[in-house]
Amino acid sequence: MSDKKLGLIKEELDNTVEKELASFISEYEIDERPGVIKLVDKAKKKLCAYETEVLRIEALKAYERKYESLGYVCGIDEVGRGPFAGPVVAGAVILPKDCDILYINDSKKLSEKKREELYDIIMEKAVCASLGYVGPERIDEINILQATYEAMRQAISKLDPKPDVLLNDAVTIPGVDIKQVPIIKGDAKSISIGAASIIAKVTRDRLMVEYDKMYPEYHFASNKGYGSADHIEAIKKYGKTPIHRMSFIHNYI
């Protein structure tokens, strides 16, 4: 039995990274003090959750493994097709074959804090990552679907190295001469598409927070340009801003 004080053991657990939890458990599971038993049980639960996440992430690499023999595999996704205001943003990410980033998922299934954490990790560890933007005027001019394709083509064009295969969330992008693999609900089935959805979502959300400072009446920081009740009321009261999509809000003007 260890003679280390309970507070120090708790601090040690708090500072133990997930992949080293097994060593912590091995060291303290013979300690019969009730407080230590609770800490070891907590460590076992954390280790189980970690191992489950590792398996989930490995399963998310199935499409990347299927096509990796062709060269660089890139995930593509967009965010912002539905809002009344702001751009549509596309993300494109090529991850390394030995990618060890955990917790990547469809960005909508992650908390804002987790998306922000993963954004930094993805941008640091990706082989390359890029973004494409299409603003409200262009959306009104060519429609939101074509604007989405345009944003995706922009993102693809900025990648270095160039991808050999594109994994797309459900769509086939016209005007692209790279092999494409559309995957229904791809942001929850492919680690690369999930990563692309995260960087696109974080980028657009940050942009809408900046727009909130310019147009505080519309509450863009909270609604991100979507048609919430307070947003619709603001449109009726104050009219449109330069970042509104007229094709989306004409019924409210």
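No experiment lies behind these values; they were computed from the predicted model shown. (Residues numbered from 1 in each chain as written. Predicted model: local features only at pLDDT ≥ 70, side-chain atom pairs only at ≥ 80, totals over all residues. Heavy atoms only, no water.)

## Notes on the overall build of the protein chain
No. 1: When helices and strands are tallied, the protein chain shows 11 helices and five strands.
No. 2: For 253 residues, the compact-globule estimate of 2.2 N^0.38 gives 18 Å, and the protein chain exceeds it by more than 25% at 23 Å.
No. 3: Overall, the protein chain is about 70 × 50 × 25 Å in size when its C-alpha atoms are taken along their principal axes.
No. 4: When the 253 residues of the protein chain are sorted by exposure, 48% land in the buried category.
No. 5: On the protein chain, roughly 12900 Å² of surface is accessible, and the fraction owed to carbon and sulfur atoms is 53%.
No. 6: Of the charged side chains in the protein chain, 38 are positive and 41 negative, and the gap between their average positions amounts to 3 Å. (Helix = DSSP H or I, 4+ residues; strand = E, 2+ residues; numbered from the N terminus. Rg over C-alpha atoms; globule rule 2.2 N^0.38 Å. Buried < 20%, exposed > 50% of the residue type's maximum accessible area, 1.4 Å probe, protein only. Areas by Shrake-Rupley, 256 points an atom, 1.4 Å probe, with all protein chains shown as cover. Lys, Arg positive; Asp, Glu negative; His and termini not counted. Charge placed at Lys NZ, Arg CZ, Asp CG, Glu CD.)

## Some thoughts on the side chain of H231
No. 1: Mapped onto the fold, H231 is located in helix 10 (residues 229-238).
No. 2: The contacts of H231, once residues within four sequence positions are left out, are F84, A85, Y218, F220, N223, G225, Y226 and H244. (Contact = heavy atoms within 4.5 Å.)

## Let's talk about the sheet that holds strand 3 (residues 128-134)
No. 1: As summarised here, the arrangement of the five strands in space is 3-2-1-4-5, forming an open sheet in which the pairing is mixed. Edge positions in the open sheet fall to strand 3 and strand 5 (179-183), since each of these has one partner strand only. If you compare each strand with its neighbour and ignore which way they point, the axes differ by 20° on average.
No. 2: Those strands touched by helix 7 (residues 144-157) are strand 1 (73-79), strand 2 (88-94), strand 3 and strand 4 (165-169), and its axis lies near 150° from that of strand 3.
No. 3: Each of strand 1, strand 2, strand 3, strand 4 and strand 5 touches helix 8 (residues 191-214); the most contacted strand, strand 1, lies at about 40° to it. (Pairing = 2+ DSSP bridges. Axes fitted to C-alpha atoms, helices over the stretch in contact; angles between N-to-C directions.)

## Description of helix 7
No. 1: With 14 residues, helix 7 should reach 20 Å at 1.5 Å per residue; the first-to-last C-alpha distance of 20 Å fits that figure.
No. 2: Within helix 7, burial applies to I144, A147, T148, Y149, E150, A151, M152, A155 and I156.
No. 3: Tucked into the core, helix 7 has its buried residues touching strand 1, strand 2, strand 3, helix 6 (136-142), strand 4 and helix 11 (246-249).
No. 4: Between the side-chain oxygen of the N-cap and the backbone nitrogen of L145 there are 3.0 Å, and the N-cap of helix 7 in question is N143. (Expected span 1.5 Å × (residues − 1). Polar contact = N/O pair within 3.5 Å; in protein donor to acceptor, adjacent residues only side chain to side chain.)

## Quick look at the nonpolar core
No. 1: By size, the foremost hydrophobic cluster in this structure holds 35 residues, and its most contacted members are V93, L95, I104 and I122.
No. 2: At eight residues, the largest contribution of residues to this core is made by helix 3 (residues 34-60).
No. 3: For I122, the residues in contact, after removing those within four places along its chain, are V93, I101, I104, A195, I198 and I199.
No. 4: The next biggest cluster of nonpolar side chains, apart from the first, holds 23 residues, and it includes M152, I156, L159 and I173. (Core = buried A, V, L, I, M, F, W, Y, C linked by side-chain atoms within 4.5 Å.)

## Remarks on the environment of K213
No. 1: Mapped onto the elements of the fold, K213 is located in helix 8.
No. 2: We classify K213 as exposed; its relative accessible area is 59%.
No. 3: A polar contact of 3.1 Å, which involves the side chain of K213, links it to the side chain of E210.

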